[in-house]
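Observations on the three-dimensional arrangement
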Amino acid sequence: MADIALDIEVEDLSFHYPDGTLALEDVSLCVPRGGRTALIGPNGAGKSTLMLHLNGLLRGEGTIEVLGQELAERNIGDIRRHVGLVFQSPDDQLFMPSVFDEVAFAAVNAGYDTEEVRRRVSKALGTVGMSGHEDKHPTKLSLGQKKRISIASVLVTDNRILLLDEPSAGLDPAGRRDLIALFDSLNSTLIIATHDLDLVRQLCPDAVVLKDGKVVRTGPTAEILGDAEFLRSCGL
Amino acid sequence: MSRDTASQQTKRESSVSPSFWLGLLAVLIVACSVVNVGQGRAIGILSGITVLALIVTRTPLRRLSRLLPLVSFSIFCFLLLLIVPIDPDMETVQLPYWGKRIPLQGSWFLLALVVKSTLIVLLSTAFAEPLSQRDLLAGLTGLGLPPKLVSLCYLIVKGVHSLAAEISRLVRARDARGRPRGLRAAKVAAAMAQVLMIRLGRRAETQAFALCARGYAGRLALSQWRYISVLEVTALGVCMVALTWLTLL
């Protein structure tokens, strides 16, 4: 990995929840620039917790480097501008009163002027195929549409890294297919936490397997998914 | 905060800002709060304004169910008046048809509570009818209130919606397995309340993460809003003076 540009480098990351539960233990991983990496593991493996660390929302022991900068309080705002996090449940993520305001939220916070915000919202909604829904209330959309709006709301600031937590959960087959096509069309570095192994097979050349908060295997997706016994031992 | 979708863009560009309507509601609420219930004329005018607001905003009758908590609280206060010990020197009033005496001061308090709270709840219901959640956020921002206060007000309204949705999910889940009866119903309700608190706590935590992940720094930022205009502030001032004069009559 020495001469490959890395977007994310995590070293010996450990994290305990306030009740003492060990969520991550000595997690180390690297994600190359423009790469697509899957974080796979059963429920409770620590995938979502790791995602929250990569955006600086949780702080554990160990080091995290994002786009060449070590994640720290002084640069957290700058890093968040480049790292978009899409939560598992859009109902948790969407809170603004209209689709336009929802998608514009991060752009307004980033300090863009009104015209630039409009342009970016229009572009982001176009990317996710939701143009024309600007005035709708986000809670009145279907789950698939809500997921698209969640993705548009992070695409609006040209994130270089996208963290997607269980993006295909709860979607019907058509919605899932559309979402995979959408991710396939993006140029950002993608980290996808999921236990949808078909989605991993289609989108991510590399995978990291987590179990009980530890990285138990990293490598090419085809190799990992070809090892049925290993997957079974990990509860997958 | 109901009609959220169709004509939002039109409303956004309308001449009267949501800040004005929120300001007017605040003025009316203050007037209702400070008015003396003994002033029949003032109460009559405020009641007239309330009825007019309900008619103009075409508030559906079913929204009047929002008075139910007030009714139950008023009954509770009335029952307290019935059992409160009466000092021989205390002024009292005799209840018609019943003969029971209750403190005069307490009966005025009860009357003020019922009249003022009813007017305030009805006015809030009427003003909320044509305003969307976006109008609330844009209106509070346009009034120049501190950003954290605006965020808090908006998130409380959102929280009430989340609470209602979560309660209906829990009730459906309970009913799907047979509705409990008698004492067990109370136990189940207590367990549901506990689950509700945990779920709401988790959701609040995730929403806070979602806000911070997109650069939230204490301000729920909208891209299109405007401050309340000088003309609207003047109009509010006139309303305030008129209502002050009215309540001092």
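Residues numbered from 1 in each chain as written. Chains lettered and ligands numbered in written order. Predicted model: local features only at pLDDT ≥ 70, side-chain atom pairs only at ≥ 80, totals over all residues.

**Quick look at the sheet that holds strand β6 (residues 83-86) of chain A**
Residue and element names in this part refer to chain A. Strand order in the open sheet formed by six strands is β6-β7-β8-β3-β9-β10, and the pairing between neighbours is mixed. The open sheet has two edge strands with one neighbour each: β6 and β10 (214-220). Each neighbouring strand pair of the sheet contributes to a mean axis angle of 15°, computed without reference to strand direction. By the bridge criterion, five bridges tie strand β7 (residues 161-165) to strand β8 (residues 189-194) in an arrangement that is parallel. (Pairing = 2+ DSSP bridges. Helix = DSSP H or I, 4+ residues; strand = E, 2+ residues; numbered from the N terminus. Axes fitted to C-alpha atoms, helices over the stretch in contact; angles between N-to-C directions.)

**As for the pairing of β10 of chain A**
All names here are of chain A. Bridge analysis of strand β9 (residues 206-211) against β10 gives six bridges, and the strand direction is antiparallel. Bridging from a neighbouring strand, Lys-211 pairs with Lys-214 of β10. Between β9 and β10, which pair antiparallel and follow one another directly, the connecting turn spans two residues, one of which, Asp-212, has a positive phi of 50°.

**Section: the environment of Leu-95 of chain B**
All names here are of chain B. Along the polypeptide, Leu-95 turns up in the loop between β1 (92-94) and β2 (101-103). On a C-alpha basis, the gap between Leu-95 and Ser-107 in space is 10.0 Å, while along the polypeptide they are twelve residues apart. Beyond its immediate sequence surroundings of up to four residues, Leu-95 is in contact with Lys-100 and Ile-102. (Contact = placed C-beta atoms within 7 Å.)

**Quick look at the interface of chain B and chain A**
Counting residues at the interface gives 24 residues for chain B and 27 residues for chain A. Among the elements that make up the side of chain B that touches chain A, the one with the highest residue count is helix α8 (residues 182-213) of chain B (seven residues). Considering only residue class, the side of chain B that touches chain A consists of nine nonpolar, ten polar and five charged. (Nonpolar A, V, L, I, M, F, W, Y, C, P; charged D, E, K, R; others polar.)

**Observations regarding unusual backbone geometry**
When glycine is set aside, most residues are seen to have a negative phi, and most peptide bonds are trans. Residue and element names in this part refer to chain A. Unusually for a residue other than glycine, Leu-67 sits at a positive phi of about 50°. Counting through the fold element by element, Leu-67 comes out in the loop between β4 (61-66) and β5 (69-70). Even without glycine at this site, Glu-166 takes up a positive phi of about 45°. With respect to the helices and strands, the residue Glu-166 is situated in the loop between β7 and α7 (173-185).

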